[in-house]
Amino acid sequence: MHTYNATYYSNAYEFPATVVLQKKGLTIHFENGGEKATVSWPYDGIAPTKEGGTTFTYPGYPLQTLVVLDVALATAIADRKEAWHQNRMRRRTARVFSIFAAFVGAVMLTYLFVLPWIAGLIAGTIPVAYEKKMGSQLFGAMRSSYKVDEKRTAYINAFFEELKVPSAYDIQITVVKNDVANAYAMPGGYIVVHDKLLQGIASYPELAALLSHEFIHIENRHSMRSLFSRMSNYIFLSLILGDIGTVTAIVVSHTHHLKNLSYSRRLETEADEEGLQLLTERGIDCNGFVRLFRVLHQEVGEEPAEWISSHPNLKKRIKNIQRQAACKEQQPINHQTLQTLFQQIKKAD
């Protein structure tokens, strides 16, 4: 390691010294009263004096001074000090950037996950009466965009009533003409079924499975919670402004979300399993779920891998139904009224 000669001054005393350039500063070696001594000067505190570029000071008490005897050392000190300063600025910039990135990341996580989660919790506290009012306005706004199949709507509501499912909601099912096989639940007790899906259903247990699944979405407030989560930014803005009355207006203005409203895997599985329970309690063949999912699989074709989608895929949903103990042990009975109503739904024009 290269050393340089210099003169070190401290507390008015002068010492011949040798200087070594280190990564973070200077190491100065000298003898004081016959004993070897060493001091370190970090680069951030070194400053050239007015006397010229070969004299440097270091703050503190006592004030320390270093007179460099080799111009090469003076140049090296100046270069090292500048390099240290640049590195410090880079580190400071990197630290500021890291803090900013962490802040942006926290904001994004809050926006993508925390706000929807809190919005979902808030949805669970909304009174049922308020949800019914909101659902009525949502359904009214959406109904105008559909052509309703009045006959099938009457029959399918009679079919659901025959299931005798108790609820705080007045379940209203509407069959609409649409060439996409779909059905979805809306807050407040509304279910929309596309006639294209009914065309693929071949038995009343399948229809019972479909309606029981959508009913659980309503009964357990999945639709309300998912809708609030999806629109959490709008919902929170309304709540921050202290006007909960605008929440309904905002939701109604975004009715298009309802047609493609998605649920988490947990909620879909919950709707499957609790819907299955409704069927088994009424002696309806639980394989209606299996056949329903096969109909849906034919309609949607090959599905993406489960980790890509928020939904459990249909093949896994079929396996989940088949391994339920209630389904394995079931002795289904024939429901003539449900069979008759189902046939009327299929034949209605």
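Observations concerning the pattern of salt bridges
- Going through the model one piece at a time under the given rule, you end up with 11 salt bridges.
- Between Asp149 and Arg152 there is a salt bridge, and its shortest N-O distance comes to 2.7 Å. Accessibility classification places Asp149 together with Arg152 in one group, the buried group.
- A salt bridge links Arg266 to Glu270, with the shortest nitrogen-to-oxygen separation between them at 3.6 Å.

Here's the deal with the pairing of strand 10 (residues 190-194)
- Burial runs high along strand 10: five of the five residues are buried.
- Examined bridge by bridge, strand 8 (residues 172-176) and strand 10 share five bridges and lie parallel to one another. Bridging from a neighbouring strand, Val176 pairs with His194 of strand 10.
- As paired strands, strand 9 (residues 183-186) and strand 10 are joined by four bridges and run antiparallel to one another. The residue bridging Ala185 from the neighbouring strand is Ile191, located in strand 10.
- Hairpin geometry of strand 9 and strand 10 is characterised by an intervening segment of three residues between the two adjacent antiparallel strands and by a positive phi of about 90 degrees at Gly188.

Side note on unusual backbone geometry
- Note that the residue after Tyr61, namely Pro62, is joined by a cis bond; omega there is -5 degrees.
- The topology assignment puts Pro62 in the loop between strand 6 (52-58) and strand 7 (64-68).
- Although it is not a glycine, Asn11 sits at a positive phi angle of roughly 55 degrees.
- Along the chain, the position of Asn11 falls in the loop between strand 1 (3-10) and strand 2 (13-21).
- In this model, Ala12 sits at a positive phi of 70 degrees, which is unusual for a non-glycine residue.
- Looking at the secondary structure, you find Ala12 in the loop between strand 1 and strand 2.
- Look at Ala12 and you get exposed, because its relative accessible area is 83%.

Focus: the nonpolar core
- Grouped together as the largest cluster of nonpolar side chains are 46 residues, with contacts concentrated most on Ile156, Phe159, Val193 and Leu207.
- The biggest single contributor to this core is helix 5 (residues 204-219), with nine residues.
- Residues contacting Ile156, with those up to four places away along its chain left out, are Ile173, Val175, Val193, Leu198, Leu207, Leu211 and Ile345.
- The next biggest cluster of nonpolar side chains, apart from the first, holds 23 residues, and it includes Val19, Leu26, Tyr58 and Ile77.

Remarks on the state of the cysteines
- Scanning the entire structure with this criterion turns up one disulfide.
- For Cys286, the disulfide goes to Cys327, at an S-S distance of 1.9 Å. Disulfide Cys286-Cys327: the torsion about the S-S bond is 75 degrees, which places it as right-handed. Of the two residues, Cys286 sits in the loop between helix 10 (265-281) and helix 11 (287-300) while Cys327 sits in helix 13 (residues 325-328), which places them 41 residues apart along the sequence.

Let's talk about the packing of helix 10 against helix 12 (residues 314-322)
- In contact at an axis separation of 11 Å, helix 10 and helix 12 are set at 35 degrees when each is read in the N-to-C sense. Relative to helix 12, helix 10 is oriented so that their crossing is right-handed. Here Glu268, Thr269, Asp272, Glu273 and Leu276 of helix 10 come into contact with helix 12, specifically with Arg317, Asn320 and Ile321.
- Considering only residue class, the contact of helix 10 with helix 12 consists of two nonpolar, two polar and four charged.

Examining helix 5
- Between its first and last C-alpha, helix 5 extends 22 Å over 16 residues, near the 22 Å set by a 1.5 Å rise per residue.
- Along helix 5, 15 of the 16 residues are buried, which leaves the element largely enclosed by surrounding structure.
- Following helix 5 by one or two positions, Arg221 has its phi on the positive side, about 60 degrees.

What counts and what doesn't
- Residues numbered from 1 in each chain as written.
- Predicted model: local features only at pLDDT ≥ 70, side-chain atom pairs only at ≥ 80, totals over all residues.
- Heavy atoms only, no water.
- Salt bridge = Lys/Arg side-chain N within 4 Å of Asp/Glu carboxyl O.
- Buried < 20%, exposed > 50% of the residue type's maximum accessible area, 1.4 Å probe, protein only.
- Helix = DSSP H or I, 4+ residues; strand = E, 2+ residues; numbered from the N terminus.
- Pairing = 2+ DSSP bridges.
- Core = buried A, V, L, I, M, F, W, Y, C linked by side-chain atoms within 4.5 Å.
- Contact = heavy atoms within 4.5 Å.
- Disulfide = S-S within 2.5 Å.
- Axes fitted to C-alpha atoms, helices over the stretch in contact; angles between N-to-C directions.
- Left-handed = near helix turned anticlockwise from the far one by under 90°.
- Nonpolar A, V, L, I, M, F, W, Y, C, P; charged D, E, K, R; others polar.
- Expected span 1.5 Å × (residues − 1).

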